[in-house]
Structure formats: C-alpha cells, structure tokens
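Summary of structural features
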2 protein chains.
Amino acid sequence: MAARGLPRDDPSVNPRVERTKAHVLRVARDLIVELGPADLTYTALSERSGITRQTLYRHWPTREALMAAIVLTGPDVTYPHPGSDSRTVITGYLRSLRAGLSDPPTGTALLAIAAQADRDPGSTAALHTITADRRAALNELLAGANCQVSEDDFARLCGPIIYWLLIARGPVSDALIRDTVDAWFD
Amino acid sequence: MAARGLPRDDPSVNPRVERTKAHVLRVARDLIVELGPADLTYTALSERSGITRQTLYRHWPTREALMAAIVLTGPDVTYPHPGSDSRTVITGYLRSLRAGLSDPPTGTALLAIAAQADRDPGSTAALHTITADRRAALNELLAGANCQVSEDDFARLCGPIIYWLLIARGPVSDALIRDTVDAWFD
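As the structure is a computational prediction, the values presented were derived from the model and not from experiment.

1. Let's talk about the interface of chain B and chain A
- Listed as interface residues are 41 residues of chain B and, on the opposing side, 41 residues of chain A.
- Here chain B meets chain A over a buried area of about 3,600 Å², counting both sides, of which 63% is carbon and sulfur.
- Among the residues chain B hides against chain A, the three largest losses belong to Tyr163, Ile167 and Arg169 of chain B. Together they make up 18% of the total.
- Put simply, chain B and chain A have 2 salt bridges between them.
- Salt-bridge contacts for arginine 169 of chain A lead to aspartate 118 of chain B; the nearest nitrogen and oxygen are separated by 3.2 Å.
- At the boundary of chain B and chain A, one finds 17 residue pairs in polar contact (both at pLDDT 80 or more).
- Among the secondary structure elements, those contributing two or more residues to the side of chain B that touches chain A are helix 1 (15–35), helix 6 (104–116), helix 7 (121–141), helix 8 (151–168) and helix 9 (174–185) of chain B.
- With 13 residues, the single largest contributor to the side of chain B that touches chain A is helix 8 of chain B.
- Grouping the constituent residues of the side of chain B that touches chain A by class yields 24 nonpolar, 9 polar and 8 charged.

Here's what the structure looks like:
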C-alpha cells in the first residue's frame, strides 16, 4: 500500500524504524499461526526476524502490546470509503471487518489477548484500545453521513460477524451482513 | 442444582465417576483463571485435584476436550424456561448466556479453544460442537413456540453479547438484549 497519509514530515517518525517494525510484524504474523499464540515468544521472534530482543522490547514492551499491534496493523484488505450514505459506509466497513478477521493472524492475536484478559489488566486495556480504535475509525468514515455509532451499536453491528468468524468458525455471507445492517437501521 | 434430568437409570452413568468428573471440572475452573489457560496443564490439574493424570486423560483425551467440558458445564446460572412466546424464551436465553459468559472460567476456556483453532482442527471441531449444542438447546426451548433459530439467526442474537463480554470487555445491559431481540423480530 502507498504511504499516503503517513506523517512524513513528523520528525518523530523515523522511516528506518518504521520499516523494521513492519518487518517484525510480518514475521510475527507468520509465527503466530505456525507456532500458536502461546509459543510466539520474543526469543522466537528475534531468531526469525534477525532483530534483537532488546529492540523488540523497546517497540513492544509487553506481549499484549505486540499482539495488539498484530491486530491493528492487520492484512492488506480493501479499506472502506467514507461517504454520505450511512448504510453504504457501514456495509463497506463490515465487509472490510470480515476480510480482516478472515486473516488467521489477526483473529488469533485478538483471541490470544482476550483469553488472558480475566487475569491480566494489561490485556483488558489492550482490548479497550483496539475496540475504541476500530469504532473511532468507523465514526470517522461516517462523519459526512450525519451518523455516529455508540458502543452498543458497534456491538450489534460487529458482534454477529466476530462470533461467526472467531467462535462458530464459519464463513460470513453477504446476506448476514445485509440482514445485520437492515436490522440495525430499522 | 438438583439432579433432575440426569439419566439415573442409564447403566453407563456411574455416579462415582460423575462425581469425580464434576470435582475435576470445579478445580479446572479455579485453575484456568489462577494460572491462565496456557498453564492449565494436566500435571497442574492432577496435583490440585488429587486425581491421577491417567484418569484425567481417560475422561478428556485432549486439552480441547477438557476446555469444551469447562465451557459446557458452565456456572450455576438460572436456566431459561421453554415457552410458547418466542420473544420471552429468546430474551431469557440471552440473559442466561450473559450470566454464563460473565463467569470468567467459561469465557476464558472458550477463548482459549478459539485462539488455537486456526492451527488445530480438534479445536475447530470443539467450537462446532459447543455452538451446535447451545443452538440446539435454544431450539429445544423454542419447540412449543413454533419458532426455530438458524445458524445466522443465532449469530445475530448471540454475537453482540459475546462481543461485549469477551472482546470489548464491558457489561451487557438489559437494553442491549432488548434491542438485539427487537431488531431480530422486526
């Protein structure tokens, strides 16, 4: 993807550092599926990526920060467009969510964070960051449509797709997305 | 809870074995929250429960079978009633789902299975068993209401609650349940 939108003139963004982080996250996405989330250690990631453990810890001080970065960088899926018709924007967003979560590393990293959340406040905080980030992204796309989505709305729109892909483990049909959006608008 | 409904006359059900299994699952529920799912090993479970590893493996030959048993035995929550009014039955079912998944061991075990599913067909099969079992239970409650719930329906009804409790990590309000049920019926 083109670097459009990256803060090129921001002196805190070092292109070499960003390239290193992107390289490590690509390797981490391969390893989390290959080894399982429990065995994606900083040692394994350092060996495979050729980046020292010290550098890994500097970029991602905790495992849940690393997992959250895997979730939020996601695969290269078609990003939905902003627009003035809220139904079209939300449908596009949910199709993009489907594509993103159909990518095994993204879903596995999200589930690995969630499985630790009952005993680890850092994981709960990471989940709050991820869900707030994704809802803010949808609301930004909806800015021109005079429509904003609350936390409950977001659960009603995204919950069925997340349940199907991550728990029931089946394909999400276009009909499910359409019915979910229709039900929310009615 | 009373043993009403247990197949007491079934010669394959040995009360002593059932008591042992129930004891182990209670210990497993404590341990999965205390240690985290990755460290709930058969060794740890044997030490804490006083039951040999051989016996544990006989009852649950795989880790995902043990995790599925933790999910399906669940906590002692008020079980919903069957009835002739589908809206009342489904609302009762979703409140029971909320109570069950608000219990940390149940949600953690479900997420732990799901986090392994991309690389472990046994975990995917366990998820299919769990979701089919829960949907069948709802449809049994709905038998007198002339209403049955498809897989997509089940995703639309349960997805928002599962998303809130396990991923976004917030409380599910009665209003969310009501809005979800209303939207499905409309």
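Let us keep going from here.
2. A look at the environment of methionine 67 of chain A
All names here are of chain A.
- As for its position among the elements, methionine 67 is in helix 4 (residues 63–73).
- Distance in space between the C-alpha atoms of methionine 67 and alanine 137 is 19 Å, their sequence separation being 70 residues.
- Apart from the residues lying within four places of it in its own chain, the contact partners of methionine 67 are Ile32, Pro37, Leu40, Ala109, Ala112 and Ile113.

3. Things to note about the pattern of salt bridges
- Per the counting criterion, the structure on display carries 15 salt bridges over all chains.
- One salt bridge in this structure joins arginine 48 of chain A and glutamate 34 of chain A, with 2.7 Å as the shortest N-O distance. On the criterion of sequence distance, the pair formed by arginine 48 of chain A in helix 2 (residues 42–49) and glutamate 34 of chain A in helix 1 (residues 15–35) is long-range, its members being 14 residues apart.
- Residues participating in the shared-partner salt-bridge network are Arg95, Arg98 and Asp174 of chain B.

4. Some remarks on the relation of the copies chain B and chain A
- Each copy of the sequence occupies a distinct position, and chain B is placed on chain A by a rotation of 180 degrees and an axial shift of 0.0 Å, giving an RMSD of 0.0 Å. Such a combination of rotation and displacement between the chain copies is what one expects of a two-fold axis. No C-alpha of chain B lies nearer the rotation axis than that of glycine 159 of chain B, which sits 2.1 Å from it.
- Mapped onto chain A, 100% of the interface residues of chain B are again interface residues, and the two copies thus contact each other with one and the same surface.

5. Some thoughts on the packing of aromatic side chains
- Counted under the stated rule, the structure contains 8 aromatic pairs over all chains.
- Seen from their ring centres, phenylalanine 154 of chain A and tyrosine 163 of chain B are 6.1 Å apart, and the 65 degrees between their planes marks the pair as edge-to-face. Taken together, the positions of phenylalanine 154 of chain A in helix 8 (residues 151–168) and tyrosine 163 of chain B in helix 8 put the pair across two chains. For the pair shown, phenylalanine 154 of chain A and tyrosine 163 of chain B are each scored as buried.
- A network of ring pairs unites the aromatic residues Tyr93 and Phe154 of chain A together with Tyr163 of chain B as a single cluster.

6. Structural notes on the confidence of the model for chain A
Residue and element names in this part refer to chain A.
- For chain A, per-residue confidence averages 90 on the pLDDT scale, and 94% of positions sit at 70 or higher.
- Here helix 4 stands out as the element of chain A with the lowest mean pLDDT, 91, in contrast to helix 2, whose mean of 97 is the highest.
- With pLDDT under 50 throughout, residues 1–8 is counted as low confidence; its partners more than four residues away or in other chains account for 3 contacts.
- Among the prediction metrics, the complex's ipTM stands at 0.87, with pTM recorded as 0.88.

7. Looking at helix 2 of chain A
Residues and elements named next belong to chain A.
- When we look at burial in helix 2, the residues that qualify are Tyr42, Ala44, Leu45, Ser46 and Ser49.
- In this structure, the buried residues of helix 2 make contact with helix 1, helix 3 (53–59) and helix 4.
- Glycine 50 sits one or two positions beyond helix 2 and adopts a positive phi of about 80 degrees.

8. Quick notes on the nonpolar core
- Leu94 of chain A together with Leu45, Ile90 and Leu94 of chain B are the most contacted members of the largest nonpolar core, which totals 116 residues.
- Setting aside residues no more than four positions away along its own chain, leucine 94 of chain B makes contact with Leu157, Cys158, Ile161, Ile177 and Val181 of chain B.

The rules behind each value
Residues numbered from 1 in each chain as written. Chains lettered and ligands numbered in written order. Predicted model: local features only at pLDDT ≥ 70, side-chain atom pairs only at ≥ 80, totals over all residues. Heavy atoms only, no water. Contact = heavy atoms within 4.5 Å. Buried area = accessible area lost by both parts, 1.4 Å probe. Salt bridge = Lys/Arg side-chain N within 4 Å of Asp/Glu carboxyl O. Polar contact = N/O pair within 3.5 Å; in protein donor to acceptor, adjacent residues only side chain to side chain. Helix = DSSP H or I, 4+ residues; strand = E, 2+ residues; numbered from the N terminus. Nonpolar A, V, L, I, M, F, W, Y, C, P; charged D, E, K, R; others polar. Least-squares fit on C-alpha atoms with pLDDT ≥ 70 in both. Phe/Tyr/Trp six-rings, centres within 6.5 Å; stacked < 30°, edge-to-face > 60°. Buried < 20%, exposed > 50% of the residue type's maximum accessible area, 1.4 Å probe, protein only. pLDDT = per-residue confidence, 0-100. Core = buried A, V, L, I, M, F, W, Y, C linked by side-chain atoms within 4.5 Å.

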